[in-house]
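Spelled out, the chains give:
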Amino acid sequence: MSSLLSHNKDQPRIRKTLSDSLPASSAATTKSLRHERLSRLNSSGSSDVSNSTSNHAESYFQRRENRLSARKKAEEETANNDYKKMYEKALATNQRLKSRLETSKQELAVIQDQLQRAQRGKVGDCGSNELETEKKESWSLKNRISDMEEQLKVKAELKTENQRLKDENGALIRVITKLSK
């Protein structure tokens, strides 16, 4: 393991790792420190000791780079999983809205059928009281129909918005996939 040895007469030898003694702010800084250290090791001492130490230092830095790349890869996979969860959630919402839309359409068809039957009913035979109740019923059915038509418009808007979000999510997934390669 590459380490810096520091000792004093009164104190025992203390091993300090490179990360303890110097901040690792960027890859360029670490590479330059590694280069300086290797050049110092090569210039002092025998070639066997310096070669062994340089191989040891190289393996340390290789392991460190492997750890950093593995961490980065894990973070990217976590981000991909988040987008997948969002996509699945959007699909579930879309299915739920589709079922609600279908239910509303069925209710609207039933109400329109009732309205038509009420309008075709016996207008001449009915008394004034029955005529008024049919008019009120017809009026309430018309109101319900208009309300349901408004709901259908809102649901159609939600459906288009949902589709847009779904397309956008797919685009984001493609971008992340390209970035992770």
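All values derive from a computational prediction rather than experimental measurement.

## Section: the overall build of the protein chain
Thinking step 1. Counting its secondary structure elements, the protein chain contains 4 helices and 2 strands.
Thinking step 2. Taken from N to C terminus, the helices and strands of the protein chain fall in the order β-β-α-α-α-α.
Thinking step 3. Relative to its 181 residues, the protein chain shows a buried fraction of 18%.
Thinking step 4. When the accessible surface of the protein chain is totalled, it reaches about 14000 Å², and 52% of it is carbon and sulfur.

## Focus on the side chain of N94
Thinking step 1. Structurally, N94 is set in helix α3 (residues 47-120).
Thinking step 2. Ignoring sequence-local partners within four residues, the contact set of N94 consists of N162 and K166.

## As for the nonpolar core
Thinking step 1. If you look at the biggest cluster of nonpolar residues, it comprises 8 residues: L101, L108, I111, L115, L141, I145, M148 and L152.
Thinking step 2. Elements represented by at least two residues in this core include exactly α3 and α4 (128-180).
Thinking step 3. Those residues within four positions of I111 in sequence are excluded, and the remaining contacts are L141, R144, I145 and M148.

## Some points on α4
Thinking step 1. Compared with an ideal rise of 1.5 Å per residue, which puts 53 residues at 78 Å, α4 spans 77 Å between its outermost C-alpha atoms and is within 8% of the ideal.
Thinking step 2. Of all the positions in α4, only S138, L141, I145, M148, L152, K155, N162, N169, G170 and I176 are classed as buried.

Thresholds, definitions, all that
Residues numbered from 1 in each chain as written. Predicted model: local features only at pLDDT ≥ 70, side-chain atom pairs only at ≥ 80, totals over all residues. Heavy atoms only, no water. Helix = DSSP H or I, 4+ residues; strand = E, 2+ residues; numbered from the N terminus. Buried < 20%, exposed > 50% of the residue type's maximum accessible area, 1.4 Å probe, protein only. Areas by Shrake-Rupley, 256 points an atom, 1.4 Å probe, with all protein chains shown as cover. Contact = heavy atoms within 4.5 Å. Core = buried A, V, L, I, M, F, W, Y, C linked by side-chain atoms within 4.5 Å. Expected span 1.5 Å × (residues − 1).

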